[in-house]
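Okay, here's what each chain looks like letter by letter:
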Amino acid sequence: MNSYDVIIIGGGPAGLAAAISCYDNGVKDILILEREKELGGILNQCIHNGFGLARFKESLTGPEYAERFIDGVIKRNIKYLTETTVLSVSSDKKVTAINSDNGVFTVSGKAIILSMGCRERSRGALNVAGTRPAGVYSAGTAQKYVNILGYMPGKSVVILGSGDIGLIMARRMTLEGAKVHAVCEIMPHSSGLKRNIVQCLDDFDIPLYLNHTIVKIEGDKRVTGVVIAKVDENRKPIKGTEVHFDCDTVLFSVGLIPENELSKTCGVELSPKTKGAVVYENRETSVEGVFACGNVLQVHDLVDFVSEEAEIAGKSAALFVKNGKVDREVVNTICGDNVSYTLPQRINKKATENVKVFFRVNKVIKNCTVLVECGGKIILQKKKKICVPGEMETALILQDKLSGLSGDITVSVKGEL
Amino acid sequence: MELTCVECPMGCKITVEEKGGNKEFFGYSCPRGKLYAENEVVDPKRVVTSTVKTASGEVIPVKTDKPVSKKDMYKVMQVINSITCTLPVKTGDIIKENVYGANIISAKTVK
Ligand SMILES: Cc1cc2nc3c(=O)[nH]c(=O)nc-3n(C[C@H](O)[C@H](O)[C@H](O)COP(=O)(O)OP(=O)(O)OC[C@H]3O[C@@H](n4cnc5c(N)ncnc54)[C@H](O)[C@@H]3O)c2cc1C
Ligand code: SF4
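Conventions used here
- Residues numbered from 1 in each chain as written.
- Chains lettered and ligands numbered in written order.
- Predicted model: local features only at pLDDT ≥ 70, side-chain atom pairs only at ≥ 80, totals over all residues.
- Heavy atoms only, no water.
- Helix = DSSP H or I, 4+ residues; strand = E, 2+ residues; numbered from the N terminus.
- Rg over C-alpha atoms; globule rule 2.2 N^0.38 Å.
- Buried < 20%, exposed > 50% of the residue type's maximum accessible area, 1.4 Å probe, protein only.
- Contact = heavy atoms within 4.5 Å.
- Areas by Shrake-Rupley, 256 points an atom, 1.4 Å probe, with all protein chains shown as cover.
- Lys, Arg positive; Asp, Glu negative; His and termini not counted.
- Charge placed at Lys NZ, Arg CZ, Asp CG, Glu CD.
- 1 Å grid on protein atoms, 1.4 Å probe; cavity = no way out; pocket = protein on both sides within 12 Å on 5 of 7 lines; lining within 4 Å.
- Points joined across faces, edges and corners; volume = space filled by probe spheres on them.
- Nonpolar A, V, L, I, M, F, W, Y, C, P; charged D, E, K, R; others polar.
- Domains from an automatic or database assignment.
- Salt bridge = Lys/Arg side-chain N within 4 Å of Asp/Glu carboxyl O.
- Buried area = accessible area lost by both parts, 1.4 Å probe.
- Polar contact = N/O pair within 3.5 Å; in protein donor to acceptor, adjacent residues only side chain to side chain.
- Pairing = 2+ DSSP bridges.
- Arc of directions from axis to C-beta.

Undergrad: Before we go on, may I ask you to explain the overall build of chain A in this structure?
TA: Scanning chain A for helices and strands turns up nine helices and 28 strands. Taking 2.2 N^0.38 as the reference for a compact globule, 417 residues should give roughly 22 Å; the C-alpha atoms of chain A span a radius of gyration of 22 Å, in line with that estimate. Overall, the C-alpha framework of chain A stretches about 65 × 60 × 40 Å when taken along its three principal axes. Residues classed as buried in chain A amount to 55% of the 417 residues present. Pairs at least 24 residues apart make up 62% of the contacts formed inside chain A by residues separated by at least 6 positions. Here chain A has roughly 17,500 Å² of accessible surface; of this, 49% comes from carbon and sulfur atoms. If the 52 positive side-chain charges of chain A are averaged to one point and the 48 negative ones to another, these points end up 3 Å apart.

Set out below in structure tokens:
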């Protein structure tokens, strides 16, 4: 069995940045395993621009952002295998994978980095009445058809869910000549970025129906239409508000879930809030020497944060290979008022760097204060004009505050609702 | 006319009123919003991203190297859809020059 210092599962932006950071921190015996034909992950199909504003101060397309990191991996001669799917990871860090050259094979690592990304919630999870005709896709699948395979899945479209991928596809298909009749969002607010609402819907006069859902999909072999209806405050359709659209395609953009099947095979503790691993600030999971970063850990909206998080994981894996187990004294981070999750969930008081805590709010809150408290003391307080569920927030805990912490750290957002 | 400012998540609704040839703006909460609205009213511009077919039938991602007028977006798309490009290409290579004031460039290196 071949062995490596560090094995990285998934060659998207998270895996690539982790590999580069691990290498630059002195551990160079690395193997990246990627299921698809090329490195770059989901960015290969995200041909729109808007990536890298924070990191490169430029608005790059997905493939351009990915290429900068792929070049970094190639320049360092970091080993990678594409068209190789990992089947399982054991808690003693043996990775079993399959590809057409080697069949099923097992490699072992001193450390493992999980960076498998996320997948889209499917229609099945949604329970829409009606037939199951062709022409119903997730927005990400449609994106792959149009941007990678080069053909349009339909000409006349209704989109359910106002997630960013759905908004991006509304514009993309419109520009390619399709008619997008409507985007329906069951919530009173969109889950997508404001910029995307304006530049993907308003620019093309595509109506966004808030508090609406699809109640019926019609058609026998192929979709011929949908019925949408307004929902009440319990998100139940209101009788008499139904509107019918003729269409040949329905896209679902109803959220992403971290892809953690492999994390489960190696016994990593998962968080019911993020659906990803529970991690320390260095992105180590509950299994020693197994790290996680990117969308497999928490669903990011900005790839810049993915790269930043992956660099932490890559460096930590390198330190683990060099120095072994981390000496820890642990405090937990806890969700306070209006906060739906915090990450990392555990912080080592002996950590030697500042700790950035990521969190999301569960509703739109204007003119608010972000409060980080521990044992009755306020360790951070900052004012924000607005916090929205669709955008991840951060709070930086300075390293010199860590040793004085006693008890759990609570993150809350208070303000005028 | 009503605009939504996209400069921050507040998403202020900014209204524009014509008063004796001058435009007045209402509803913005900060200077960035006013600047945004001014640009949007004069000549809103967008970068167009799409794909171009290669001779072998694959597609490669492309973009305009600078924003083009919003009103020209469909015309830019027509040009993009009429091009076939030959491989290899590098990121930044010009695929077609001077299309409504911008160049269409490759957004990926493909061998
Ligand atoms: C459609 C879409 C649009 C987006 N738009 C924007 C945007 O405009 N701006 C922005 O900043 N961010 C955007 N994002 C967010 C950003 O692109 C993602 O957060 C980022 O790509 C996540 O990186 P990742 O490496 O964690 O996951 P991914 O890019 O998903 O990479 C994971 C990789 O792991 C591989 N993999 C999974 N399982 C296995 C296995 N068992 N064996 C081997 N390999 C495996 C996959 O093939 C994939 O290549 C968007 C995301 C999506 C999904
Ligand atoms: S006007 Fe200012 S506060 Fe309002 S959305 Fe624009 S940038 Fe934000």
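Undergrad: When you look at the layout of surface pockets in this model, what are you seeing that I'm missing?
TA: Over the atoms, a rolling probe the size of a water molecule traces out where space has been left empty. Residue and element names in this part refer to chain A. The computed volume of the second largest pocket comes to approximately 650 Å³. Taken together, 26 residues make up the lining of the second largest pocket; nearest its centre are Glu281, Asn282, Ser316, Thr352 and Glu353. Contributing elements (two or more residues each) for the lining of the second largest pocket: helix H8 (303–323) and strand E24 (355–361). Considering each element in turn, the lining of the second largest pocket owes the most residues, eight residues, to H8. Partitioned by chemical class, the residues of the lining of the second largest pocket number eight nonpolar, seven polar and 11 charged. In this structure, the lining of the second largest pocket is formed jointly by two domains, domain 1 (1–120 + 255–326) and domain 3 (328–417), each of which donates at least three residues.

Undergrad: What exactly am I supposed to notice about the pattern of salt bridges here?
TA: When the charged atoms of two side chains with opposite charge come close together, those side chains can pair. In total, this model carries 28 salt bridges over all chains according to the counting rule given. Residue glutamate 64 of chain A is joined to lysine 63 of chain B by a salt bridge in which the shortest nitrogen-to-oxygen separation is 2.9 Å. Of this pair, glutamate 64 of chain A sits in helix H3 (residues 62–75) while lysine 63 of chain B sits in strand E6 (residues 59–64), on two different chains. Each of the two residues, glutamate 64 of chain A as well as lysine 63 of chain B, counts as buried. Between aspartate 72 of chain B and lysine 75 of chain B there is a salt bridge, with the nearest N and O atoms lying 3.2 Å from each other.

Undergrad: Honestly, the domain arrangement of chain A in this entry has me stumped. Any pointers?
TA: The extent of an interface is frequently quoted as the accessible surface area lost upon association of the parts. For chain A, the assigned domains read domain 1 (1–120 + 255–326), domain 2 (122–254) and domain 3 (328–417). Computed from C-alpha atoms alone, the centre-to-centre distance between domain 2 of chain A and domain 3 of chain A is 35 Å.

Undergrad: Quick question: what am I supposed to make of the interface of chain B and chain A here?
TA: Listed as interface residues are 25 residues of chain B and, on the opposing side, 30 residues of chain A. Summed over both partners, the interface of chain B with chain A buries about 2,600 Å², with 56% contributed by carbon and sulfur atoms. Across the contact surface, chain B and chain A share four salt bridges. One salt bridge connects glutamate 38 of chain A with lysine 108 of chain B, and the closest N-O pair in it is separated by 2.7 Å. Here chain B and chain A share 11 residue pairs in polar contact (both at pLDDT 80 or more) between them. Of all the secondary structure elements, the ones that give two or more residues to the side of chain B that touches chain A are strand E5 (49–54), E6 and helix H2 (73–82) of chain B. The element contributing the most residues to the side of chain B that touches chain A is H2 of chain B, with four residues.

Undergrad: Please explain the environment of cysteine 12 of chain B as it appears in this structure.
TA: Residues and elements named next belong to chain B. Secondary-structure assignment places cysteine 12 in the loop between strand E1 (2–4) and strand E2 (13–19). Here cysteine 12 falls in the buried class, since its relative accessible area comes to 15%. Each residue touching cysteine 12, except ones within four places of it in the same chain, is listed here: Leu3, Thr4, Cys5, Gly27, Tyr28 and Ser29.

Undergrad: What is the right way to read the sheet that holds strand E17 (residues 243–246) of chain A from this model?
TA: Either a parallel or an antiparallel arrangement is found when strands of a sheet pair, and the pairing is made through backbone hydrogen bonds. One open sheet accounts for four strands, arranged E10-E15-E16-E17 (chain A); its pairing is mixed. Pairing within the sheet leaves two strands with one partner each, and these edge strands are strand E10 (129–130) and E17 of chain A.

Undergrad: What's the story with H2 of chain B in this structure? I'm lost.
TA: Since one α-helical turn is 3.6 residues long, residues separated by three or four positions face the same way. All names here are of chain B. Within the span of H2, buried status applies to Met73, Val76, Met77, Val79 and Ile80. Summarising the axial view, the buried residues of H2 lie within an arc of 160°, below the 170-degree limit, and thus occupy one face. Seen from the open side of H2, the exposed residues pointing more than 90 degrees away from its buried face are Gln78 and Ser82.

Undergrad: Can you walk me through the pairing of strand E26 (residues 377–387) of chain A in this structure?
TA: The two faces of the sheet receive side chains in turn, since in a regular strand these alternate between them. All names here are of chain A. Pairing of strand E25 (residues 365–374) with E26, which is carried by nine bridges, proceeds in the antiparallel orientation. Among the inter-strand pairings, valine 370 is bridged to a residue of E26, identified as lysine 382. Once E25 ends, the chain turns through two residues before running back antiparallel as E26, passing glycine 375 with a positive phi of about 50°.

Undergrad: What is the right way to read the pairing of E24 of chain A from this model?
TA: Residue and element names in this part refer to chain A. Counting buried positions over the seven residues of E24 gives six, a clear majority of the element. In this structure, strand E22 (residues 339–343) lies alongside E24, joined through four bridges in antiparallel fashion. Its bridge partner lying in E24, leucine 343 is registered against phenylalanine 358.

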